[in-house]
Amino acid sequence: MAAANAALWTALQLGLCAKGVETADIEFHTEGCAVSEGLGPGVFFTQTCGYPLFKHHRDKGRVLGTPHYSTPGCVGSTHRAFFIVRSDDPAECLKDMRGRIFGCNSLLSNSGMNLPRLSLARIAGGQAFFSSVVMTGGHVASLERLDEGRIDICSVDNVTWGFFKKFRPVNAERYRILDETVSSPSLPYVTAANTSESDAAAIAETLHEIMDDPQMAGMRDALELAGFSAPDVDAYERLTEFEREAAELGFPELK
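Quick look at the structure, then. (Residues numbered from 1 in each chain as written. Predicted model: local features only at pLDDT ≥ 70, side-chain atom pairs only at ≥ 80, totals over all residues. Heavy atoms only, no water.)

1. What about the overall build of the chain?
Counting its regular elements, the chain contains 9 helices and 11 strands. The C-alpha atoms of the chain give a radius of gyration of 19 Å, which matches the 18 Å a tight globule of 255 residues would have. Overall size of the chain, expressed as C-alpha extent along the three principal axes, is 60 × 40 × 30 Å. For the chain, with 255 residues in total, the buried portion stands at 48%. Sequence-distant contacts, at least 24 apart, represent 80% of the contacts inside the chain between residues at least 6 apart. (Helix = DSSP H or I, 4+ residues; strand = E, 2+ residues; numbered from the N terminus. Rg over C-alpha atoms; globule rule 2.2 N^0.38 Å. Buried < 20%, exposed > 50% of the residue type's maximum accessible area, 1.4 Å probe, protein only. Contact = heavy atoms within 4.5 Å.)

Structure, rendered in structure tokens:
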């Protein structure tokens, strides 16, 4: 996906240049984590998990908009998470995983923790559901540990799962989807809070143009991008409502 991501950045730079926004001095980092520990003041454009952004870092970032993905499980600007097990696991439903080992990419993750926590809260009866929860550090790392038998189940963002199946089709056959979570707004494109209003508006406008440009179709297809919409702040606020519901059901932590 590196070439497609680089193409997106190049297209964004060209569009911004046409609007008088200079980006030549901005460094393009190819390594990063969607579930970041924060959002620094020097971040011009990135994509991050909406749950930690609105719960912990909302004063540090400005949401530019929400990408639409064409991967199964997405509807418009929403995504969801899939509960993944090994293809040979006998479990027929989520309840069958009680007492097993769960792999979590990050406790700050919407798709890896917040969404599955709500699903589990609705069936756990206020009691611990798993025998243990293992931190893996990433969705792909969770899948690798699942294949190794070190965990029994994990919750993976459906967009990540779509890319995994696309680029690692043979490996993907080792897993299957057991269940899915409720939907939530997809991972937003953001800029640092100290980015000027004019630059933020220019970035958002350019992203809209990229999504409509026929010459960008190949890049969009590679990244499974189907559109881009203005941020629905109320929708992102509901991510913390999921947290409150889980707590009210006696399941405040993934357990």
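After presenting the structure, the write-up continues.
2. Some words on the packing of aromatic side chains
With the rule as written, the count across this model stands at 10 aromatic pairs. Ring geometry for phenylalanine 129 versus phenylalanine 130: centroids 5.0 Å apart, planes at 85°, classification edge-to-face. Residue phenylalanine 129 shares its accessibility class with phenylalanine 130, and that shared class is buried. Here tryptophan 161 and phenylalanine 164 contribute two aromatic rings whose centre-to-centre distance is 5.9 Å and whose plane-to-plane angle is 10°, an arrangement assigned as stacked. Taken together, the residues tryptophan 161 and phenylalanine 164, both in helix α5 (residues 158–167) and 3 residues apart, mark about one turn of the helix. As far as burial versus exposure is concerned, tryptophan 161 and phenylalanine 164 are alike and both buried. Following the ring pairs from residue to residue traces out a cluster consisting of Phe45, Tyr189 and Phe228. (Phe/Tyr/Trp six-rings, centres within 6.5 Å; stacked < 30°, edge-to-face > 60°.)

3. Some remarks on the sheet that holds strand β2 (residues 61–69)
Ordered in space as β1-β10-β2-β11, the 4 strands form an open sheet in which the pairing is antiparallel. A single partner strand is all that each edge strand has here, and the edge strands are β1 (46–47) and β11 (225–229). (Pairing = 2+ DSSP bridges.)

4. Observations concerning the pattern of salt bridges
Enumeration according to the criterion identifies 12 salt bridges in this entry. Between glutamate 243 and lysine 55 there is a salt bridge, with its nearest N and O atoms 3.1 Å apart. Of this pair, glutamate 243 sits in helix α9 (residues 233–248) while lysine 55 sits in helix α2 (residues 50–55); the two residues are 188 residues apart in sequence, bridging distant segments of the chain. For arginine 86, the salt bridge goes to aspartate 152, with nearest N and O atoms at 3.2 Å. Linking arginine 86 in strand β4 (residues 81–86) with aspartate 152 in the loop between α4 (139–148) and β7 (153–157), this pair joins segments that are 66 residues apart in sequence. For arginine 86, a relative accessible area of 18% puts it in the buried group. Salt bridges sharing common partners tie together Arg86, Asp89, Arg100 and Asp152. (Salt bridge = Lys/Arg side-chain N within 4 Å of Asp/Glu carboxyl O.)

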